[in-house]
Amino acid sequence: MSVSLDSGDSLVRFAAIALIDRNVASRAELAERMGKRESNLHASLYGRPSADRATITRSFLQDLERALVALPQATEIEPHIRRPLATLVGLREELAEEGDADAGVRVHGAWFGELCATGPARDAVEAIVRGEALRDLVQEARDRRETERLLTGPLGEHARQTLVDLLAVTGLPPTVGASAINVLARLGLPAVAEIGREVYQSPMGFRSLRALTRMLWRVRLRRAGHAEGFPLASGERELLDEIEDVLLAVEERPPADPYPATGLVVEALRFAPAEWDWVDAAIVARARDGERPVRERMFALAVAADRAVRDVDSLLADVGGQPGDEEGLAWAAAVLSHRGDQAPAEWLAPPSSVHGRRLWPWPPGRPEPAAVQVVLDALDDADPALLPGSVRDGTKVLVAEALLTLDETRRRRALDVLNVAHVSGVAATAISAMPRDPDRVPRWLRERTAFVLGYLQGHDSLPRLREIVAAGTEHPAVLHAAAWGIGDTCGTGAWRTHRHCVPVDDLAALLRHPAPGPRHAAAYTLGVTRQPGARPALADVATDPHADRTTVALARWGLRVFDTERVKARADAPMCLPDSRTYLHADR
């Protein structure tokens, strides 16, 4: 099957088919174990996705659950796919395009006090469960006054600690932090002020901005399809006002952000309501600012075009035509200038008699499609046991989207689906085949490749990332992405068996790199992976009066992670939850 990034139904089906076809000898055997005819199984699981991208039918989910429960009986399922249904349901919640108050796992609010009675959360799972119980309590409140009474009453201390713990989890690698971000987004107003403090008090607070984006997205979806002036739901005006205050503060007084290239502020502004009349100017300013990272400027150009800001074509001509080695801006301008009727409907051209589906050579005259085609060719050569033919083209679409799109939201969506479908390993191996020659691959695409490999968070990504860090000769932006990606892959015990792959000496050397980006990434990775040999290097930086403020804050954050003992002694994914309120700023 192919796959559409615009269809939640299509993405969930893709992930389900990938899981099933990798782990079952034949669909006939699976259908027999489910008590269904093979033709009916094919129709329910492999049929055409719904035209309504918000709809994933109940019957499909029921059949999907029966299929996945039957998998361990039908074949020797791989150990790391023990709970495929849970991951697919999580993906469905992430892609759900409605502001459903009942989305997510229901944890009754009556349990909240008892859940918190043992003190701060010991790991990410506890923090998220407590957050869901707090959300249930907040939903029962009728107005803001009642919510405030809840947060200042007998349970107020527990509520504040739960928010602190959730925000600490958002600073951890993406697959861990995403669940906490969704809980905070559903909590709504009570979380906004805490997020506003977190972005200034923690060097990892920038990741919590995704919760604000999620809140804005939910409001937009509720209002979609209604006439201008459609009334806000109860409490939404207060929510929007509080979010606007936080984002205005971030614009006027930027906090430390060790990874601005992710464009999380731009993403939040993208979903801002039309009545915020300052937003378009802020997006354009980021696109034009030569001091900002190129990846963020590329995303800002895409958002400016999406919002149809005034004189957007002049903006594209000005920014995309600037001289220098920042080919990413030229790529962005070429893509956006050829949007509309000149753009192909999707990344892949129809199959030929000789090759599988290949990238359109578009926009014309650019080197990027040829470089990414090398990756797609590697997918054609992948072992069918790792990448079934049924999802090969869909995987190509997701990989092309991850590498080439200007839209950071769609990039993360594509990568999340590859992870849930358990084809991220074969995707990482193919992406690692990207040519290394700077004459063939522009710098922005080499940086993007390193970011994508890190986000996939698998062992197959590490050889290429380690190679970049060990050589130390790449552009600082590429070094930053590679070093950070090692931290996201090996951090917090999620890949405990891979910790020996963390290049401690190379990362310690990066702490003294002349550019700030590699320094920030090295401090983050040395802390989040908790390597014994890293403590002295972090301690030196944390007390160095000549080190930049953000590196010092990250080093202190990393040392605090080392010292945090609030973790469960579990072998799968113990999570540390440093209290970000007490140790982060260099001037304290």
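Sequence order as written defines the numbering, with residues in each chain counted from 1. The predicted nature of this model means local features are confined to residues of pLDDT at least 70 and side-chain atom pairs, given and counted, to a pLDDT of 80 or more, with totals for whole chains, interfaces and linings taken over all residues. Note that the side-chain values use all heavy atoms of the structure and ignore hydrogens as well as water.

Describing the overall build of the chain
Helix numbering and strand numbering both begin at the N terminus, where a helix is a DSSP run of H or I of at least 4 residues and a strand a DSSP run of E of at least 2. Within the chain, the regular secondary structure consists of 29 helices and zero strands. Taken as a whole, the chain presents about 24,400 Å² of accessible surface, with 51% of it coming from carbon and sulfur. The accessible surface values rely on the Shrake-Rupley method and a 1.4 Å probe; as for residues, cover is taken only from the protein chains in view.

Structural notes on the confidence of the model for the chain
For the chain, the mean per-residue pLDDT works out to 80, and 78% of the residues sit at or above 70. As a per-residue measure, pLDDT reflects the predictor's confidence and takes values from 0 up to 100. The spread of mean pLDDT over the elements of the chain runs between helix 4 (residues 58–74), the lowest at 58, and helix 22 (residues 424–431), the highest at 96. Note on definitions: a residue-residue contact is assigned when non-hydrogen atoms from the two residues lie within 4.5 Å. Within the model, pLDDT remains below 50 along residues 73–83, and this stretch shows 15 contacts once partners closer than five positions in the same chain are excluded. Overall, residues 565–588 carries pLDDT values under 50, and its contacts beyond four positions in sequence, including any with other chains, amount to 84 contacts.

Quick look at the packing of helix 11 (residues 189–201) against helix 12 (residues 209–223)
Where helix 11 contacts helix 12, the two axes come as close as 9 Å, and the packing angle between them is 145°. Viewed along their axes, helix 11 and helix 12 form a crossing whose handedness is left-handed. Here helix 11 contributes Ala191, Val192, Ile195 and Val199 to the contact with helix 12, which in turn contributes Leu209, Ala211, Leu212 and Met215. Of the residues assigned to the contact of helix 11 with helix 12, the class counts are eight nonpolar, no polar and no charged. For helices, the fitted axis covers only the stretch in contact; all axes are lines through C-alpha atoms, and the angles between them, taken along N-to-C directions, range from 0 to 180 degrees. Here a crossing is taken to be left-handed if its near helix is turned anticlockwise relative to the far helix by less than a right angle, and right-handed if that turn runs clockwise. Lys, Arg, Asp and Glu make up the charged group, whereas Ala, Val, Leu, Ile, Met, Phe, Trp, Tyr, Cys and Pro make up the nonpolar group; the residues left over, Gly among them, are polar.

Details of the packing of aromatic side chains
Ring pairs are drawn from Phe, Tyr and Trp, using the six-membered ring of Trp, whenever the two centres fall within 6.5 Å, and their geometry is named by plane angle: stacked under 30 degrees, edge-to-face over 60, tilted for the rest. Taken as a whole and assessed by the stated rule, the structure comprises eight aromatic pairs. Consider the rings of phenylalanine 451 and tyrosine 455, whose centres lie 6.0 Å apart with planes at 45°: the pair is tilted. Here phenylalanine 451 and its partner tyrosine 455 are both found in helix 23 (residues 443–456), four residues apart, which amounts to about one turn of the helix. The pair formed by phenylalanine 451 and tyrosine 455 is uniform in burial state, with each residue classed as buried. Among the aromatic residues, ring-to-ring pairing joins Phe206, Tyr259, Phe451, Tyr455, Trp484, Tyr524 and Trp557 into one connected group. In our convention, an over-ring charge means Lys NZ or Arg CZ found within 6 Å of a ring centre and within 35 degrees of that ring's normal. Looking at arginine 253, its charged tip hangs above the ring of tyrosine 200, at a distance of 4.2 Å from the centre. The positively charged end of arginine 295 is found above the aromatic ring belonging to phenylalanine 451, 4.3 Å away from the centroid. Note on exposure labels: buried denotes an accessible area under 20% of the residue type's maximum, exposed denotes more than 50%, and partly exposed covers the range between, all computed with a 1.4 Å probe on protein chains only.

A closer look at the nonpolar core
Take the buried residues of types Ala, Val, Leu, Ile, Met, Phe, Trp, Tyr and Cys, join any two whose side-chain atoms come within 4.5 Å, and each joined set is a nonpolar core. By size, the foremost hydrophobic cluster in this structure holds 163 residues, and its most contacted members are Leu247 and Leu403. It is helix 16 (residues 294–306) that provides the largest number of residues to this core, a total of nine residues. Setting aside chain neighbours within four positions, we find leucine 247 in contact with Leu209, Leu212, Leu216, Ala268, Leu269, Trp276 and Trp278.

Some remarks on unusual backbone geometry
Excluding glycine, residues mostly have negative phi values, and the peptide bonds linking residues are mostly trans. In this model, tryptophan 362 is joined to proline 363 through a cis peptide bond whose omega is -5°. Within the secondary structure layout, proline 363 lies in the loop between helix 18 (327–337) and helix 19 (368–380). The residue histidine 422 is not glycine, and still its phi comes out positive at about 60°. Along the polypeptide, histidine 422 turns up in the loop between helix 21 (408–420) and helix 22.

Brief notes about the pattern of salt bridges
Salt bridges are defined by distance alone: a side-chain nitrogen of Lys or Arg within 4 Å of a carboxyl oxygen of Asp or Glu. Per the stated rule, a full pass over the model turns up 29 salt bridges. Here aspartate 241 ties to arginine 237 by a salt bridge, and the two come within 3.7 Å at their closest N and O atoms. Of this pair, aspartate 241 and arginine 237 both sit in helix 13 (residues 236–252), four residues apart, roughly one helical turn. In this structure aspartate 241 comes out as partly exposed when scored by relative accessible area, which is 33%.

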